[in-house]
Amino acid sequence: MDEPRVDHQALFSVLPNPYLVLDADLAVVDVNEMYLRVTGRTREELIGQYLFDVYPDNPEDPAADGIRNLAASLQRVLRTKEPEALAVQRYDLPVPGRPGAFQERWWSPVNTPVLGPDGEIEWIVHRVEDMTEFLLSRPVHDTPTGRTRTRAVTEAELYAKARQLQETNEKLRAAHDWERRTALALQDVMLHAPDLAAHRGIAVRYMPATRSLNVCGDWYDVVDLDDDCFTVAVGDVVGHGLEAAAVMGMLRSALSAAVRAIREPGAAMDLLSRYARTFEGALATTAAKAVVDTRARTVTYTCAGHPPPVLGHRDGPAILLDRATDPPLGILTDKTPRPQATLSYAPGDTLVLYTDGLIERRGEDIDAGLLRLTDAVTHHADLDPEPLADTLLTRLGVADGGRDDIALIVVRL
């Protein structure tokens, strides 16, 4: 049976609430009939106009801040790509046909972004509830003392409560922005890899889980050992947020130092595992490390409870490097040092290290995610590292972030 065709334009036109659609420049691109009715405007007066040219501040009310609050809300929506509801606002409307005249109006606005295929905002749906009639028709009623309350008192109390709510929301936003800036600064410091800049054939990606503070317990690292050797690593600390990021910073630094002193990745990982036993937050951390010898054209790798790296051949299928896997860091093992394996590569091959957020999906066997990854590496082996990294995120369905953190390194050998 064919699905019924829905005329969305017709539905939008007859919605019982006032709706306005803005583009990313805050110009009006559509409006429904109810909006025209409550504002007394025509489509010709609105379509294509900058919103705040149509609705300027009332010059007779210098204390009015409703328009400024609405403008600030729309800018936050453009920046965060998140919907936002405002407390009741007073912003008066110009009276059509009477230049300089305004009429008192009270509104309850909600601004909702609509994202395009590229993840950027295409439109903002601006919905308002006209509260004017409700406020201006409030009946006079008795107080407990027997005195009557005027509408002006009721308005003043409601407006004061709305302002208090708005100020509280602004303080919460400021606190969240400060925490986010702190988190981003911490991320930049802890993920700084000075040797990465010299490797044009390496692409990295770092994607915290959606709705996180933009920091996570995943990491990547690139370290030059000498002119012919360098090492790449990824790791995954249990948890999200600042605490996991702090543990990540300690482990990443420790492994970076260990591999400079101990070239063999298995022995370096064993040293890191011993270090991880000394503090609880590091237990069950997973990591993968590979040493690339460009003269011998070999990759030597080890995994501590981590998903296996992928070696993509330019002229053949990608393979999983799964011959040197041991338990996660901090877990006692009889093997010292941890195992490592070496294999040869051909010029133009691609090495991919990643954390489990790239491949794991709830309710699905991990082998399905590994198969998707190796297929994607095989079919896009001709791409350079930067576009290949983006393609892998897209093919694995996490281009806009996922439920778990993701760190990814793509190396052209």
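Data block above holds the structure.
Residues numbered from 1 in each chain as written. Predicted model: local features only at pLDDT ≥ 70, side-chain atom pairs only at ≥ 80, totals over all residues. Heavy atoms only, no water.

(A) Examining the sheet that holds strand β20 (residues 350-354) more closely. The five strands are arranged β11-β21-β20-β16-β17 in an open sheet whose pairing can be described as antiparallel. Either end of the sheet is taken by a strand with one partner, and the two such strands are β11 (202-207) and β17 (319-320). For β11 and strand β21 (residues 406-412), the ladder comprises six bridges, and the chain directions are antiparallel. Note on β21: the bridge partner recorded for Met 207 is Ile 406. Across the sheet, helix α10 (residues 366-379) touches β16 (310-312), β17 and β20, and the angle it forms with β16 is around 25°. Across the face of the sheet, helix α11 (residues 385-395) comes into contact with β11, β20 and β21 while running at roughly 35° to β11. (Pairing = 2+ DSSP bridges. Helix = DSSP H or I, 4+ residues; strand = E, 2+ residues; numbered from the N terminus. Contact = heavy atoms within 4.5 Å. Axes fitted to C-alpha atoms, helices over the stretch in contact; angles between N-to-C directions.)

(B) Structural view of α11. Listed in full, the buried residues belonging to α11 are Pro 385, Leu 388, Ala 389, Thr 391, Leu 392 and Leu 393. The elements touched by buried residues of α11 are β11, β20, α10 and β21. Backbone geometry just downstream of α11 places Gly 397 in the positive-phi region, at approximately 80°. (Buried < 20%, exposed > 50% of the residue type's maximum accessible area, 1.4 Å probe, protein only.)

(C) The arrangement of the packing of aromatic side chains in detail. Enumeration over the complete set of coordinates arrives at two aromatic pairs. When the centroid spacing of 5.8 Å and the interplanar angle of 75° are considered together, the rings of Tyr 50 and Phe 52 count as edge-to-face. Assessed through its relative accessible area of 35%, Tyr 50 is described here as partly exposed. Residue class for Phe 52 comes out buried when judged on its relative accessible area of 14%. (Phe/Tyr/Trp six-rings, centres within 6.5 Å; stacked < 30°, edge-to-face > 60°.)

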